[in-house]
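Letter by letter, the chains look like this.
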Amino acid sequence: MHIEFLLEEPSMEALLASLVPRMLGDVVTFRLHNFGGKQSLLRKLEARLRGYSAWIPEEHNIIIVLDRDGDDCMELKASICSTIEAAGLSHKSNVMSGSTFQCAVRLAIEELEAWIFGDCDALRAAYPRIPVSLEDRAAYRDPDAIVGGTCEHLERVLQRAGYFAGGIPKIEVAATIAPHMDIWKNRSQSFKVFRDLLEAL
């Protein structure tokens, strides 16, 4: 079995480069394709999927992962699913439960950093000055409901703890935190949905 991951940006690539091998084990191969931005991914998606549809074997899957940002979750996912169908591929949303599919869409709500806030133990393991009480604060109890941009919140949390006064290096932070993350204890619901898809595959 093989999975092609189509990703919005390099910090998601850095995170998944560490997490995916632990989630899939040795029996599944994978490749991460970083498109350098959400609009670039959406613009190039249909052509990339049409290329896959010409050769993709039955035992291959494609997972498209991107941030929801301020978009409507259902509308964004429906738009991508329409692109998948236009390329001649099946997706998880249009096959019967238990049936095989070629593509799936997974969103980080609202951004990748919500998945990091979902595992504050990993955040502290990477950056020990982060407060022990962080996840007990109302603003951070539900990582997918953080208001005002999860990336901006993560930058403020790190800076208040004395890290990255000049601005957060997103790729470095994702790569540093990822090895510490416990995939079974993450509190982000959007991460759990992503994790459960890989477990099902």
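What counts and what doesn't
- Residues numbered from 1 in each chain as written.
- Predicted model: local features only at pLDDT ≥ 70, side-chain atom pairs only at ≥ 80, totals over all residues.
- Heavy atoms only, no water.
- Helix = DSSP H or I, 4+ residues; strand = E, 2+ residues; numbered from the N terminus.
- Buried < 20%, exposed > 50% of the residue type's maximum accessible area, 1.4 Å probe, protein only.
- Contact = heavy atoms within 4.5 Å.
- Areas by Shrake-Rupley, 256 points an atom, 1.4 Å probe, with all protein chains shown as cover.
- Lys, Arg positive; Asp, Glu negative; His and termini not counted.
- Charge placed at Lys NZ, Arg CZ, Asp CG, Glu CD.
- Core = buried A, V, L, I, M, F, W, Y, C linked by side-chain atoms within 4.5 Å.
- Axes fitted to C-alpha atoms, helices over the stretch in contact; angles between N-to-C directions.
- Parallel < 35°, antiparallel > 145°, perpendicular 65-115°, else oblique.
- Nonpolar A, V, L, I, M, F, W, Y, C, P; charged D, E, K, R; others polar.
- Pairing = 2+ DSSP bridges.
- Right-handed = clockwise from strand over helix to strand, strands pointing away.
- Polar contact = N/O pair within 3.5 Å; in protein donor to acceptor, adjacent residues only side chain to side chain.

### Observations regarding the overall build of the protein chain
Now for step 1: If you tally the helices and strands in the protein chain, you get eight helices and four strands.
Now for step 2: Judged by the C-alpha coordinates and their principal axes, the protein chain covers about 50 × 35 × 30 Å.
Now for step 3: Among the 201 residues that make up the protein chain, the fraction classed as buried is 51%.
Now for step 4: Looking at the protein chain alone, contacts between residues at least 24 apart form 73% of all its contacts between residues at least 6 apart.
Now for step 5: Looking at the protein chain as shown, the accessible area adds up to about 9,400 Å², and 51% of this sits on carbon and sulfur atoms.
Now for step 6: The distance from the centre of the 22 positive side-chain charges to the centre of the 29 negative ones in the protein chain is 3 Å.

### Quick look at the environment of Ile 146
Now for step 1: Mapping Ile 146 onto the fold places it in the loop between helix H5 (120-126) and helix H6 (150-160).
Now for step 2: With 33 residues separating them along the chain, Ile 146 and Glu 113 place their C-alpha atoms 10.0 Å apart.
Now for step 3: In contact with Ile 146, not counting residues within four places along its chain, are Glu 110, Phe 117, Ala 139, Tyr 140 and His 153.

### Structural notes on the nonpolar core
Now for step 1: Ranked by internal contacts, the top residues of the largest apolar core, which has 47 residues, are Phe 5, Trp 115 and Phe 194.
Now for step 2: For this core, the element with the highest residue contribution is helix H1 (residues 10-24), accounting for eight residues.
Now for step 3: If we ignore the near neighbours within four places in the chain, the residues touching Trp 115 are Met 12, Leu 15, Leu 16, Val 65, Leu 107, Ala 108, Met 181, Asn 186, Ser 188, Ser 190, Phe 191 and Phe 194.
Now for step 4: Formed by 20 residues, the second largest nonpolar core is a distinct cluster that contains Leu 6, Leu 45, Leu 76 and Cys 81.

### Section: the packing of helix H2 (residues 38-53) against helix H3 (residues 73-86)
Now for step 1: Two elements in contact, H2 and H3, have axes whose closest approach is 8 Å; the angle formed by their N-to-C orientations is 25°. Considering their axes alone, H2 and H3 lie roughly parallel with respect to each other. Contacts from Lys 38, Leu 42, Leu 45, Glu 46, Leu 49 and Arg 50 in H2 reach Leu 76, Ile 80, Thr 83, Ile 84 and Ala 86 in H3.
Now for step 2: Here the contact of H2 with H3 is built from residues that sort into seven nonpolar, one polar and three charged.

### A word on the environment of Ala 174
Now for step 1: Secondary-structure assignment places Ala 174 in helix H7 (residues 170-177).
Now for step 2: Here Ala 174 falls in the buried class, since its relative accessible area comes to 1%.
Now for step 3: Not counting chain neighbours up to four residues away, the residues in contact with Ala 174 comprise Ser 11, Ala 14 and Leu 15.

### Some remarks on the side chain of His 60
Now for step 1: Looking at where His 60 falls in the secondary structure, it is placed in strand S3 (residues 60-67).
Now for step 2: Judged by its relative accessible area of 14%, His 60 is buried.
Now for step 3: The residues touching His 60, leaving out its near neighbours within four places in the chain, are His 2, Trp 55 and Gln 102.

### Details of the pairing of strand S2 (residues 29-34)
Now for step 1: Strand direction decides the pairing type here: strand S1 (residues 2-7) and S2, joined by six bridges, are parallel. Directly across from Phe 5, in S2, lies its bridge partner Leu 32.
Now for step 2: Crossover connection from S1 via H1 to parallel S2: handedness right-handed.

### Considering the side chain of Asp 144
Now for step 1: Along the polypeptide, Asp 144 turns up in the loop between H5 and H6.
Now for step 2: Reaching out from Asp 144, the side chain makes a polar contact with the backbone nitrogen of Ser 190 at a distance of 2.7 Å.
Now for step 3: Those residues in contact with Asp 144 that sit more than four places away from it in its chain are Ile 109, Glu 110, Ala 114, Ser 188, Gln 189 and Ser 190.

### Focus on the sheet that holds S3
Sheet strands line up and pair through hydrogen bonds in the backbone, either parallel or antiparallel.
Now for step 1: With respect to topology, four strands assemble into an open sheet ordered S2-S1-S3-S4, the strand pairing being parallel. Strands at the two margins of the open sheet, each flanked by one partner only, are S2 and strand S4 (103-108). When strand polarity is set aside, the average angle formed by the axes of neighbouring strands in this sheet is 20°.
Now for step 2: Across six bridges, S3 lies against S4 in parallel orientation. Each residue of the ladder has a partner; that of Ile 62, found in S4, is Cys 103.
Now for step 3: Contacts between H1 and the sheet are confined to S1, S2, S3 and S4, with S2 contributing the most and set at about 170° to the helix.
Now for step 4: In the packing of helix H8 (residues 189-200) onto the sheet, the strands contacted are S1, S3 and S4, and the crossing angle to S4 comes to about 155°.

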